[in-house]
Structure formats: structure tokens, C-alpha cells
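Secondary and tertiary structure notes
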Amino acid sequence: MRDFVTRKARPEIFSLKPYVPGKPIEEVRRELGIKDIIKLASNENPLGTSPKAREAISEALGQMHHYPDANCFELKKRLAEVHKISESSIVVGNGSDEILMLLAMAFLSSGDGIIYAKPSFAEYEFTARIMGAECVEIPLKDFTHDLEKILTAVTPRTKMVFICNPNNPTGTIVDAGAMQSFMDRISEDVLVVFDEAYQEYVENPNFLSGLKYVKADRNAIVLRTFSKIYGLAGLRIGYGFTTPEIAQALEMITEPFNVNLLAQVGALAAIDDIRHVEESRRVNSQGKEYLYEMFNEMGLAYVPTESNFIFLDSGRDCQAVFKALLRLGIIVRTGDTFGYPTFIRVTVGTRQENERFINGLKKVLAEQE
Ligand SMILES: *Cc1c(COP(=O)(O)O)cnc(C)c1O
């Protein structure tokens, strides 16, 4: 019988839109036979993994036959010291993606609702839909969160509101004053999820981390990750700060060994690799300026970013631009999946990668004139 899944699976899974990941380098190699490929599609660190993390991971290879620490004791201890918060407020996950899934599993049933911005990170909708919750999307205003509209959309059914800050795919931040005013007014019965995956890249002094509200004992959670600036995307490890009560609820439904041993060791070392973080920030900042200058010269509109990627209007069909760039060995992300059919999202790379991207883009746009 072929229709087993259709008949027996939870109906919620048929409402899912599959996640579209950045195209992997190996896949482009297989499909197009190109050797020299750069991936500017998943906001990975172009400088690679923190050297301190690499060293610690190499040293831990001999321990791999052991199960990891189910409580991530050492990592939580260090995170608690660095962020001046209690260990009991910290959750660690197999990527912050896992924490998003745990939040949905712990809090959402059919009949509940969540609110997030459009476009924003796809996982909020994905995890909520699996649990059968209703998704309310509030369009961005000037490419940033429209907090006033989000507030008016809150109903007694709303369980969670997601604020991706800086926002993926636009790179914009929420103004600190607007955030404070929002938090002053939103119901205490709504869990506010601050996704701060790109927080380390922010340069704008008007940024306010949600950590302030967690420390003030609000029903909030701040999500951070080792995938981006720390260069550990392949190991899968992210963390969150929340109230001990919420942390405990998530803990109850977490698989015993959700965070692998090498990830714990690598993350612990990466936290104190200040040099790598600062160098990554510097390269990103200079890369941004270079790309802005080139986009201005080329007459292309873009959204100024507080992260390590730029959302830009190619003025052409994004799929055509994407495919033409791919043939040149340059992987970017298309804007159509975010509702912007002429936009592309490009990760800021090394100077060399940025130059190669700009030269490729000039060529591609001239061909598609
Ligand atoms: C990359 C990213 C994450 C991090 O995901 P991990 O599962 O920790 O790799 C979370 N939120 C946003 C908005 C992201 O772009």
C-alpha cells in the first residue's frame, strides 16, 4: 500500500513548505563540473572555524567513544560567566534550530498562534506548522520589524512572537527605543523569542539585545549560535538564555545527548577566541563597505546590513542571476523564496571572494541587460 503516509501521518506535516538551504559546494561541483567554487549563500564565516576551537576539537578526537555530557556543564558554566547569568537560565541545542523546535514542541498545539515578520527566518513557521499552530505573518516595514503591527496582531491565542534581530534575510535591526516600547506593552502571557544569530556582527549602537528582558525575568528567550561568527556551522551547536522555568520545560523534552561531544568542546574554546571573533568582525565590516561602494557604483539598491550578509536588488529575475552566477562558481541565495523576485542575498566574504562576486555580478548583469 503506497498511501500509508497520506492516511496515517499527522496531517500537519502536509502543510509544511520545505526549507531551502544554501546550495552546497559539492552539489555544484557534481552538477556543473566546476572546481573553483565560492559559497556566499549560508552566512558562514569566510575565515573558517575559530583556530582555538579547531585545536580543542583535535585534542578531543580520542574521546569520541564516550557519550557527551548531557548537561553541557562546562559550556553552560562559561556562558554563564561571560553573560553574567545563572546556569539555570541557559539551554544548549543541536544548533539554535533545535531550540526553536523544542520551543514549538513545549508550547504549541493546534489552536495556538505565533507571530513573526515576513520575510524572516523560515524555521519559525516550519516548527509551528509541525505542531499545528496558526502562523500570522506581519510584513516588514522599510525592511525592518513593524513592532506596532505585531502588537495589534496579538490575541489571547498568541503563544509566541519572534523577533529576528538582526533580521535574516534583510540584515536590519530593531531600534532600541521601539523595542523598549514594544516590551512595555506586550502581554506577559506571550513568550517573546529574540533570535540573535548575528548579534556579534552588529555595529549600530541602537541595537538592544533581548538579554535585558530575560534578566528582568520577562517571558522571553534569546537565541544565539556558534554557527555564524564562530565558524562551527557543521558541528551544530546553539544556545539560549531564558527564565529558569522555561529552561526547565525545554530540558524536559530534550533528547539526553542532543549536543555532541566535539561541538561542546569546540564551542567552549571558541567563546574565548577573542582574536578570531575580532578579526571576523573586522573582515566583515571592511567587506560590507567594499560591497556598498561597488553596489553604489553599479547603481544597485541594497539594504544596509548589521550582519554578515546583504539583501540586494539585482533588478533582474533572481533565478536567472542565481543560475548565471552558479555557472561562474559563485553560490548566492535567491530572494524569490522571501517574496522578493529580483533580490539576492549574498554573504560578505573575504576581500578576494567579494571581488570575485562583484566581477561575476557585473558580467551577469551586463549579459542580462
Ligand atoms: C543561521 C541562523 C540560525 C542558526 O542556526 P543554527 O541552527 O544555530 O545553525 C538561527 N537563526 C537565524 C536567523 C539564522 O540565520
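Residues numbered from 1 in each chain as written. Predicted model: local features only at pLDDT ≥ 70, side-chain atom pairs only at ≥ 80, totals over all residues. Heavy atoms only, no water.

1. Side note on the pairing of strand 7 (residues 220-225)
The side chains of a regular strand alternate, first on one face of the sheet and then on the other. Under the convention used in this document: When accessible area is computed with a 1.4 Å probe and restricted to protein chains, residues below 20% of their type maximum are described as buried, those above 50% as exposed, and intermediate ones as partly exposed. Secondary structure elements follow DSSP: runs of H or I of four or more residues count as helices, runs of E of two or more count as strands, with numbering from the N terminus. Any two strands are treated as partners once DSSP identifies two or more bridges connecting them.
Where burial is concerned, most of strand 7 is hidden: six out of the six residues are buried. Burial along strand 7 is two-sided: the face carrying A220, V222 and R224 and the face carrying I221, L223 and T225 are both buried. As defined by bridge partners, strand 6 (residues 191-195) adjoins strand 7 across four bridges and the pair is classed as parallel. If you follow F194 over to strand 7, its bridge partner there is V222. Relative to strand 8 (residues 238-242), strand 7 is paired through five bridges, and the arrangement is antiparallel. Looking at strand 8, one finds that I221 is bridged to T242.

2. Focus on the sheet that holds strand 5 (residues 158-164)
Note the cut-off: For every element, the axis is a line fit to its C-alpha atoms; helices are fit only across the contacting stretch, and the angle between N-to-C directions ranges from 0 to 180 degrees. Two residues qualify as a contact provided that any one of their heavy atoms is within 4.5 Å of a heavy atom in the partner residue.
Here we have seven strands laid out as an open sheet, ordered 2-8-7-6-5-3-4, and mixed in their pairing. Single-partner strands in this sheet number two, and they are strand 2 (90-93) and strand 4 (134-139). Across this sheet, the average inter-strand angle for adjacent strands is 20°, counted without regard to direction. As paired strands, strand 3 (residues 113-118) and strand 5 are joined by three bridges and run parallel to one another. Across the sheet, the residue bridging to I115 is V161, located in strand 5. Set on the sheet, helix 4 (residues 73-83) makes contact with strand 2, strand 7 and strand 8; between it and strand 2 the angle comes to about 130°.

3. Side note on the environment of A128
Its location among the elements puts A128 in helix 6 (residues 123-130). Taking the C-alpha atoms as reference points, A128 and R316, 188 residues apart in sequence, are found 33 Å from one another. Excluding residues within four positions of it along the chain, A128 makes contact with A104, L108, I114, A133 and C135.

4. Focus: the sheet that holds strand 12 (residues 333-334)
Here we have four strands laid out as an open sheet, ordered 9-10-13-12, and antiparallel in their pairing. With partners counted over all chains shown, the strands left at the sheet margins are strand 9 (302-303) and strand 12, one partner each. Bridge analysis of strand 12 against strand 13 (residues 343-347) gives two bridges, and the strand direction is antiparallel. Each bridged residue has a counterpart across the sheet, and for T334 the counterpart in strand 13 is I344. Helix-sheet contacts for helix 13 (residues 318-327) involve strand 12 and strand 13, and the interaxial angle to strand 13 is about 40°.

5. Looking at unusual backbone geometry
At the junction of K118 and P119, the peptide bond is cis and its omega measures out at 0° in the coordinates. Relative to the elements of secondary structure, P119 occurs in the loop between strand 3 and helix 6. Phi at C72 takes a positive value of approximately 50°, unusual for a residue other than glycine. Classification of C72 by relative accessible area gives buried; the value is 3%. Positive phi is not limited to glycine here, since D142 has a value of about 50°. On the basis of relative accessible area, D142 is assigned to the exposed category, the value being 68%.

6. A look at the site of the ligand
Formally: We define proximity as follows: a residue is near a molecule or strand when any one of its heavy atoms falls within 4 Å of that partner. Counting of polar contacts relies on pairs of N or O atoms within 3.5 Å, with two restrictions inside protein: one atom must be capable of donating a hydrogen and the other of accepting it, and residues adjacent in sequence are counted only when both atoms are side-chain atoms. Only the protein chains shown count as cover for residues, and all accessible areas are computed by the Shrake-Rupley method using a 1.4 Å probe. Gly counts as polar in this scheme, as do all residues outside two lists: the nonpolar Ala, Val, Leu, Ile, Met, Phe, Trp, Tyr, Cys and Pro, and the charged Asp, Glu, Lys and Arg.
Around the ligand, the structure places 13 residues, and the nearest of them are D195, Y198, T225, S227 and K228. Contacts to the ligand include N168, whose side-chain N or O atom sits 2.9 Å from an oxygen atom. Within the side chain of K228, one N or O atom sits 3.2 Å away from an oxygen atom of the ligand. Protein contacts shield 94% of the accessible area of the ligand, which totals 390 Å² for the unbound molecule. Within the shell around the ligand, the residues separate by chemical class into four nonpolar, five polar and four charged.

7. A look at the domain arrangement of the protein
Spelled out, the test is: In this entry, domain limits derive from an automatic or database-based domain assignment. Throughout, buried area stands for the accessible area (probe radius 1.4 Å) lost by two parts on being put together, summed over both. Each salt bridge in this description consists of a side-chain nitrogen of Lys or Arg and a carboxyl oxygen of Asp or Glu lying within 4 Å of one another.
Per the domain assignment, the segments making up the protein are domain 1 (4-48 + 275-367) and domain 2 (51-272). Taken together, the 29 residues of domain 1 in the interface contact 30 residues of domain 2. It is L16, Y19 and E306 in domain 1 that bury the most area against domain 2; as a group they hold 22% of the surface buried on that side. For the pair domain 1 and domain 2, the number of links is two salt bridges. As a salt-bridge pair, K288 and E203 come within 2.6 Å of each other at their nearest N and O atoms. At the junction of domain 1 with domain 2, the criterion picks out 13 residue pairs in polar contact (both at pLDDT 80 or more). Of all the secondary structure elements, the ones that give two or more residues to the side of domain 1 that touches domain 2 are helix 12 (274-298), strand 10 (309-313) and strand 13. Among the elements that take part in the side of domain 1 that touches domain 2, helix 12 stands out by supplying seven residues, more than any other. When grouped by side-chain class, the residues that make up the side of domain 1 that touches domain 2 number ten nonpolar, twelve polar and seven charged.

8. Some words on the packing of helix 5 (residues 96-107) against helix 6
Test applied: Definitions for this section: a left-handed crossing has its near helix turned counterclockwise from the far helix by less than a right angle. A right-handed crossing has that turn clockwise.
The contact between helix 5 and helix 6 brings their axes to 9 Å, and the two run at 35°. For the pair helix 5 and helix 6, the sense of crossing is right-handed. The residues of helix 6 that touch helix 5, namely those facing D97, L100, M101 and A104, are E123, Y124, T127, A128 and I130. Residues of the contact of helix 5 with helix 6, tallied by class, amount to six nonpolar, one polar and two charged.

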